Every structure is written in C-alpha cells, then in structure tokens.
Amino acid sequence: MSTGVPARRAARARRNAVIRARVTAVAVAVFLAMFAGIYIQYASGNDPVLGPQAAAAQQATAVADAQALAGRRAAAESAAVAAQRAAARKAAAARRATRR
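We now turn to the structure provided with this report. (Residues numbered from 1 in each chain as written. Predicted model: local features only at pLDDT ≥ 70, side-chain atom pairs only at ≥ 80, totals over all residues. Heavy atoms only, no water.)

1. A closer look at a nonpolar patch on the surface
Right, so step 1: On the surface, a cluster of nonpolar side chains totalling about 680 Å² of accessible area is made up of V28, F31, L32, F35, Y39 and I40.
Right, so step 2: Tracing the backbone through its elements, the reader meets F31 in helix 1 (residues 4-43). (Patch = residues over 30% accessible without salt bridge, like charges linked within 9 Å, V, L, I, M, F, W, Y side chains within 5 Å. Areas by Shrake-Rupley, 256 points an atom, 1.4 Å probe, with all protein chains shown as cover. Salt bridge = Lys/Arg side-chain N within 4 Å of Asp/Glu carboxyl O. Helix = DSSP H or I, 4+ residues; strand = E, 2+ residues; numbered from the N terminus.)

Below is the structure:
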C-alpha cells in the first residue's frame, strides 16, 4: 500500500506544476495586453489622464462664456425696462401737469 503514495505525490506535483505554469502564462498575457493598450494610447496622443481635464476646462470655459452672455443680456434687459419705466413716469407727470 505504501508504494502508491509516492506515485500519487508525484502526480499531484505534476498537476500543480501544470496549473502554476498556466496561471503564470495567463497573468503574463493579461499584463502584456494591458501594458500594450496603455502604450498605444500614449503613443497615439490619447492620454487618458489629461483627456478629462482638458474637456472639463473647455466645458468650464463654455459655461463661463454662457453665464457672461446671460449677464450681459440681463443687464441690457433691465436697462431697457428701467428706461420704459422712466418714460412712463415722465408721461404720467406730463398728464398730471396738463390736468391742473
């Protein structure tokens, strides 16, 4: 009975070696694929770190421009409303003056 134990240990050792080799090969393949993907992105100029910041800065500029334009429009509209009110007061004062 004891003669089968070393054979089973040797078989288990071979299976473990095959499994370790496969896991190592898969890990190396995944690493190389990821590294190649990142390298290609950098080489083509598409830096994933700088991309969102540049887009955010461009968006912030667009938002600031829109807010400035809205502020100028609001100022122009309020000036027009103030002028209309002043004209209405002047007309009312003129009407009151003619009634007396």
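2. Some points on helix 1
Right, so step 1: Between its first and last C-alpha atoms helix 1 spans 58 Å; for 40 residues at 1.5 Å apiece the expected length is 58 Å, and the two agree.
Right, so step 2: Just downstream of helix 1 lies G45, where phi reads positive at about 90°. (Expected span 1.5 Å × (residues − 1).)

3. Points about the packing of aromatic side chains
Right, so step 1: Applying the stated criterion to the full structure yields one aromatic pair.
Right, so step 2: Centroid distance F31 to F35: 6.0 Å. Interplanar angle 25°. Geometry classified as stacked. Of the two residues, F31 and F35 are both situated in helix 1; the distance of four residues between them amounts to about one turn of the helix. F35 matches F31 in its accessibility class, with the two residues each being exposed. (Phe/Tyr/Trp six-rings, centres within 6.5 Å; stacked < 30°, edge-to-face > 60°. Buried < 20%, exposed > 50% of the residue type's maximum accessible area, 1.4 Å probe, protein only.)

4. Topic: a positive patch on the surface
Right, so step 1: Among the surface-exposed residues, R8, R9, R12, R14 and R15 lie close enough to one another that they form a single positively charged patch.
Right, so step 2: By relative accessible area, R9 is classed as exposed at 59%. (Lys, Arg positive; Asp, Glu negative; His and termini not counted. Charge placed at Lys NZ, Arg CZ, Asp CG, Glu CD.)

Worth remembering: the numbers are spatial, not functional.
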